[in-house]
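Here is how the chains run, residue by residue.
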Amino acid sequence: MNEERLARILETLSFPAPSWADFAKGGQSRRKWLVHWFRDMPMDGLQWLTFHVLSVLPIGFVSAFGGFFARLVAPRLFPDAMHRTLTNLRWLEPTWSEAKVRQVAERHFDGIGRLRAEFCILHRLVPAGRVSVENGELARKTMQDGPVILVGMHLANWEVLSPVMAEFGIPVFDVYEPQPSRMQTRLALKVRARTGPEGSVAYARSGNAARAAVKWLKEGGALIMFCDEAVKEVSAAPFFGRPPHLGSNYAFAARLARMTNATLLPFHALRHRGCRFTLRFGEPLRLAPADRPDECLLGDVALLNGIVEPVVQAHLDQWFWLDWGFAKVKYGG
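Thresholds applied
- Residues numbered from 1 in each chain as written.
- Predicted model: local features only at pLDDT ≥ 70, side-chain atom pairs only at ≥ 80, totals over all residues.
- Heavy atoms only, no water.
- Helix = DSSP H or I, 4+ residues; strand = E, 2+ residues; numbered from the N terminus.
- Rg over C-alpha atoms; globule rule 2.2 N^0.38 Å.
- Buried < 20%, exposed > 50% of the residue type's maximum accessible area, 1.4 Å probe, protein only.
- Contact = heavy atoms within 4.5 Å.
- Areas by Shrake-Rupley, 256 points an atom, 1.4 Å probe, with all protein chains shown as cover.
- 1 Å grid on protein atoms, 1.4 Å probe; cavity = no way out; pocket = protein on both sides within 12 Å on 5 of 7 lines; lining within 4 Å.
- Points joined across faces, edges and corners; volume = space filled by probe spheres on them.
- Nonpolar A, V, L, I, M, F, W, Y, C, P; charged D, E, K, R; others polar.
- Core = buried A, V, L, I, M, F, W, Y, C linked by side-chain atoms within 4.5 Å.
- Polar contact = N/O pair within 3.5 Å; in protein donor to acceptor, adjacent residues only side chain to side chain.
- Phe/Tyr/Trp six-rings, centres within 6.5 Å; stacked < 30°, edge-to-face > 60°.
- Salt bridge = Lys/Arg side-chain N within 4 Å of Asp/Glu carboxyl O.
- Pairing = 2+ DSSP bridges.
- Axes fitted to C-alpha atoms, helices over the stretch in contact; angles between N-to-C directions.
- pLDDT = per-residue confidence, 0-100.
- Patch = residues over 30% accessible without salt bridge, like charges linked within 9 Å, V, L, I, M, F, W, Y side chains within 5 Å.
- Expected span 1.5 Å × (residues − 1).
- Bend = angle between axes of the 7 residues up to and from the residue.

*Asks:* Hey, could you go over the overall build of the protein for me, with residue numbers and the actual values?
*Replies:* Helix and strand content of the protein: 13 helices and 9 strands. On C-alpha atoms alone, the protein measures out to a radius of gyration of 21 Å, which is about the 20 Å that the 2.2 N^0.38 rule sets for 333 residues. Reported as C-alpha extents along the three principal axes, the dimensions of the protein are approximately 65 × 55 × 45 Å. Considering the protein as a whole, with its 333 residues, one finds that 50% of them fall into the buried category. Expressed as a percentage of contacts within the protein between residues at least 6 apart in sequence, the contacts between residues at least 24 apart total 78%. For the protein, the accessible area works out to roughly 16,800 Å², and carbon and sulfur atoms hold 58% of it.

*Asks:* Can you break down the layout of surface pockets residue by residue, with the values?
*Replies:* Over the atoms, a rolling probe the size of a water molecule traces out where space has been left empty. Of the voids in this model, the second largest pocket is the one considered here, and its volume is about 350 Å³. Taken together, 18 residues line the second largest pocket, and the ones lying closest to its centre are R107, D110, G111, R114 and R271. No other element matches the 7 residues that helix α6 (residues 98–118) contributes to the lining of the second largest pocket. A class-by-class count of the residues in the lining of the second largest pocket yields 7 nonpolar, 5 polar and 6 charged.

*Asks:* Describe the nonpolar core, naming the residues involved and giving the relevant values.
*Replies:* Nonpolar side chains in soluble globular proteins generally cluster together in the buried interior. Formed by 90 residues in total, the largest nonpolar core has its most connected members in L125, M143, I149, L150, L264, L279 and F281. Discounting residues that sit within four places of it in the chain, L264 has contacts with I149, V151, A253, A257, E283, P284, L285, L287 and L304.

*Asks:* Can you lay out the side chain of T195 for me, pointing to particular residues and giving the numbers?
*Replies:* Looking at the secondary structure, you find T195 in helix α10 (residues 182–195). Within the structure, T195 has its side chain in polar contact with the side chain of S162 (distance 3.1 Å).

*Asks:* Break down the packing of aromatic side chains for me, citing the residues and quoting the values.
*Replies:* One pass over the full model with this rule turns up 15 aromatic pairs. Ring centres 6.0 Å apart and planes at 55° place the aromatic pair W33 and F38 in the tilted group. When its relative accessible area of 9% is taken as the criterion, W33 is described as buried. Look at F38 and you get exposed, because its relative accessible area is 60%. Aromatic rings pair up to connect W158, F168, F226, F267, F281, F320, W321 and W324 into one cluster.

*Asks:* An account of the pattern of salt bridges is requested, with residue identities and associated values reported.
*Replies:* Taken as a whole, this structure holds 14 salt bridges when the rule is applied. For R280, the salt bridge goes to E134, with nearest N and O atoms at 2.7 Å. Separated by 146 residues along the polypeptide, R280 in strand β9 (residues 276–281) and E134 in strand β1 (residues 131–134) bring together distant segments of the chain. Under the relative-accessibility criterion, R280 is labelled partly exposed at 28%. Salt bridges sharing partners connect three or more residues here, namely R71, D110 and R114.

*Asks:* Which residues make up the pairing of β9, and what are the values?
*Replies:* In summary, the side chains of a regular strand alternate between the two faces of the sheet. Bridge count between β1 and β9: 4 bridges; the pairing is parallel. Within the sheet, the bridge partner assigned to S132 lies in β9 and is T278. Note: strand β8 (residues 263–272) against β9, 6 bridges, orientation antiparallel. Its bridge partner being in β9, H272 is matched across the sheet by R276. Hairpin connection between β8 and β9: a loop of 3 residues separates the two successive antiparallel strands, and G274 in this loop has a positive phi of roughly 75°.

*Asks:* Requested: an account of the sheet that holds strand β4 (residues 201–204), with residues and values cited.
*Replies:* Read from one edge of the open sheet, 7 strands run β1-β9-β8-β2-β5-β3-β4, paired in mixed fashion. Among the strands making up the open sheet, the edge pair consists of β1 and β4. Going across the sheet, the axis of each strand differs from the next one's by a mean of 25°, ignoring polarity. When strand β3 (residues 172–176) meets strand β5 (residues 222–226), the two strands line up parallel, connected through 2 bridges. Note on β5: the bridge partner recorded for F173 is L223. Together, β2 (148–152), β5 and β8 form the strand contacts of helix α12 (residues 249–260), whose direction differs from that of β5 by roughly 160°.

*Asks:* Can you explain the confidence of the model for the protein? Please cite residues and give values.
*Replies:* In the predicted model, the protein carries a mean pLDDT of 88, and 92% of its residues have values of at least 70. The weakest mean pLDDT in the protein belongs to helix α1 (residues 3–12) at 54; the strongest belongs to β9 at 98. Per-residue pLDDT stays below 50 along residues 327–333; that stretch engages in 18 contacts with residues further than four places along the chain or on separate chains.

*Asks:* Lay out a nonpolar patch on the surface in plain terms, naming residues and giving numbers.
*Replies:* There is a patch of nonpolar side chains on the surface, built from F61, F65, F68, F69 and L72 and spanning about 490 Å² of accessible area. Topologically, F65 is positioned in helix α4 (residues 59–77). We classify F65 as partly exposed; its relative accessible area is 36%.

*Asks:* Please set out helix α13 (residues 293–314) residue by residue, giving values where relevant.
*Replies:* Compared with an ideal rise of 1.5 Å per residue, which puts 22 residues at 32 Å, α13 spans 31 Å between its outermost C-alpha atoms and is within 8% of the ideal. Largest kink in α13: about 30°, centred on G299. Residues of α13 that are buried include every one of L297, D300, V301, L304, N305, V308, E309, V311 and V312, and no others. Where the residues of α13 are buried, they touch β2, α12 and β8.

Structural data, given as C-alpha cells:
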C-alpha cells in the first residue's frame, strides 16, 4: 500500500470533532461532546504514546509485557470472555481435565496480549530472524502464477504474513475491519502499509471491496481472506460438528475462486517461545470444475472447513476467536 493510497484511506477515517455548539445543545449532543473530549481523545493519545514507546523497546520484552498485561486484566475486567473461553474449551475438548482447560485459557489470553503488543514491533520481526517460513517457494510460485486466494486463520500472530509477502515482493488485496477506536484503526493501517509489499491495496468491508476484489483476482493478483471469523459475536467457522452453512467466508472464498478461476492457498502462523513464529503455507487447492457451481457450494464449504478446522483444533490456545460464542454453547455474559 503506497503512501498516497494510505492517505486516502485515513481521510475516510476522519470524524468531525463535536464543537461548543454541540455542547450548548445539551442532551445527546452534549453527551457526545463529553465522550469525545474526555474519553475518546485521551484514550487515543494514550494508545499513540504506548504504541510509539513499545515500538523502540526490545522485541522479547514487548511481547512478554503484552502477555503479562493480558493475563493480569482478562479475569478481572473481562470475566464474560474468560467464562466463554472455559465453556468453549470444555465443549471442544471434553476429555481434558479442568486444570488443563484453565492452563489453555490462560495461554489464550497471554497470546492475545502478545499479539496486541507485537503490532508495535511487527516491522522488526523478519529482519530479526524471528519468522521462519514453511513451503514458501511453492507458495511464492503459486502466487506468481496467480490468481490466488490466501485462506488464512486467526492463529498466533497472523500479521507476520505482511512482512513475509514483502520479502516475496507480491502485492496483496486485503479487506480490513475498522478497530474499536479511530486511533487503533489508523495505527493498524500504518503498520500494514509499512510492513506490507509495495503495490498492495486495502479496503474496508463493503460492496465496493467485493467488486474491487473480483477485479484484482481477474487480473491475476493475490487476495487475503480469513475463514475462521465470528459473525455478530458468534463463531461462524470452523464448524466443530455444527451443520455446514453458507454464512461464513468459506462460501465467499469458494464463490470468488470459481468466479475468477483462482487457486486457494491456505496459510497459518504458529507461535513459539521467545516471540518466534512459523508461517506455514499449505498445499494449493483448485476447486473441481462444475457446470452448476451453486450446487457445489456446500461441498466447497465442507472442503475448506476440512482444511481449516483441524489446524485450529490442534492449536486452540493460539486461536483468537476462542473466547467468542458458539451457537450450541450456553454461556453467561
